[in-house]
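Below, each chain spelled out in residue letters.
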Amino acid sequence: MSSNVDRREIVVGIDPVKDWHLALAWAVDEAHRRRSALRLVVVVPPRHDTQHVDDTPRQMELERVGADALEAAVAWAHARWPDVGTTASLLGGRPGPTLAHLSKDARMVVLGSRQLNRAEEFLSAGSLVVPVAAQAHCPVVVVGDVEHNTQEPQYLVVGVDGSESSKAALALAFEEAALRGCALRAIAVWQPPVFSLHRGDESLQAGRRLLSETAAGWAEKYPDVRLHHEVLTGSPVEVLAEAAEHALAVVVGRRGQGGYSGMRVGSVVHGLLHRAMCPVITVPVV
């Protein structure tokens, strides 16, 4: 591990009404590996705009619950890694935009998954995953509610398609693999077209060349990372989710910026946020 201290914070969103331990464990472990600071954040939504009901008691209760959750989370993080500098912030505002704004100066943002279905994620005020993943200026890590089983030897999965966003994902994946001392599976997914004038084996060979050329420079920079190139056939979401079933995480590039529509994060990212069993790391082009 590098001796340089990462000056940017790792921001983790603490959900006072859900179990935050898995997301916080991922975040504080990452902060320890990178020797960076950790910032725990609870965002309290604004008061309801109503002329007939005094919303003050509800707001005070939300703030009290949020403060209690932060206090417990700070103590838990310190017990896990006492060397990680940890701060806590109780903020007011809309949770999604607030965390997206904090991402401008963050190393990464870590969230727990509420496991909402596709309708609930857009209708619920508590859903953070899609809006933050769509708007963040740094990588966003989404950690599921259920602890998954990793495989020995440990490995990460990264999806590569030659786009600028996937190149950014590949860069972070190599960095993470080096920090963790684990292997890296770089996967390109080929979807056979219904009608094509080109032979399938030619397309697969082109995919292998693209994958090899894209990863070559990073493999030279991180010679100790055990790299495996794979071109697989099928649906990108299903292929990457299956390949990452026992991985430490799956890393993918995020296309597009802004908006609350799930499609603005890209169909593959959106699918993996629902399908993958392991943590999903989305990486914007910077």
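Quick notes on the rules
- Residues numbered from 1 in each chain as written.
- Predicted model: local features only at pLDDT ≥ 70, side-chain atom pairs only at ≥ 80, totals over all residues.
- Heavy atoms only, no water.
- Core = buried A, V, L, I, M, F, W, Y, C linked by side-chain atoms within 4.5 Å.
- Buried < 20%, exposed > 50% of the residue type's maximum accessible area, 1.4 Å probe, protein only.
- Contact = heavy atoms within 4.5 Å.
- Helix = DSSP H or I, 4+ residues; strand = E, 2+ residues; numbered from the N terminus.
- Pairing = 2+ DSSP bridges.
- Phe/Tyr/Trp six-rings, centres within 6.5 Å; stacked < 30°, edge-to-face > 60°.
- Salt bridge = Lys/Arg side-chain N within 4 Å of Asp/Glu carboxyl O.

Some points on the nonpolar core
Right, so step 1: If you look at the biggest cluster of nonpolar residues, it comprises 47 residues, and the most contacted ones within it are Ile14, Leu38, Val110 and Val158.
Right, so step 2: If we skip the residues at most four places from it in the chain, Leu38 touches Ile10, Val12, Leu24, Ala27, Val28, Ala31, Ala77, Val84, Gly85, Thr86 and Thr87.
Right, so step 3: Residues Val43, Val132, Ala243 and Leu272 belong to the second largest nonpolar core, which totals 33 residues.

What to know about the pairing of strand 4 (residues 106-112)
Right, so step 1: Counting buried positions along strand 4 yields 6 of 7 residues, so the element is predominantly enclosed.
Right, so step 2: Across 4 bridges, the pairing between strand 1 (residues 9-13) and strand 4 is parallel. Note that in strand 4 the partner of Ile10 across the bridge is Met108.
Right, so step 3: Two elements, strand 4 and strand 5 (residues 140-143), share 4 bridges in a ladder whose sense is parallel. Each bridged residue has a counterpart across the sheet, and for Gly112 the counterpart in strand 5 is Val143.

A short note on the packing of aromatic side chains
Right, so step 1: What the rule picks out here adds up to 3 aromatic pairs.
Right, so step 2: Seen in terms of ring centroids, Trp20 and Trp76 are 6.2 Å apart; in terms of plane orientation they differ by 80°. Their pairing is edge-to-face. Remark: Trp76 occurs in helix 2 (residues 56-80) and Trp20 occurs in the loop between strand 1 and helix 1 (21-34); sequence separation between them is 56 residues.
Right, so step 3: On the basis of an interplanar angle of 20° and a centroid distance of 6.5 Å, the ring pair of Trp218 and Tyr222 is categorised as stacked.
Right, so step 4: With relative accessibility at 18%, the residue Tyr222 sits in the buried group.
Right, so step 5: Ring-pair connections join several aromatic residues into one group, and the members of that group are Phe174, Trp218 and Tyr222.

Some words on the pattern of salt bridges
A side chain with one charge can pair with a side chain of the opposite charge if their charged atoms come near.
Right, so step 1: What the rule picks out here adds up to 14 salt bridges.
Right, so step 2: Here Arg80 and Asp29 are joined by a salt bridge, their closest N and O atoms 2.8 Å apart. Residue Arg80 is found in helix 2, and its partner Asp29 is found in helix 1; the two are separated by 51 residues along the sequence.
Right, so step 3: The class of Arg80 is partly exposed, set by a relative accessible area of 36%.

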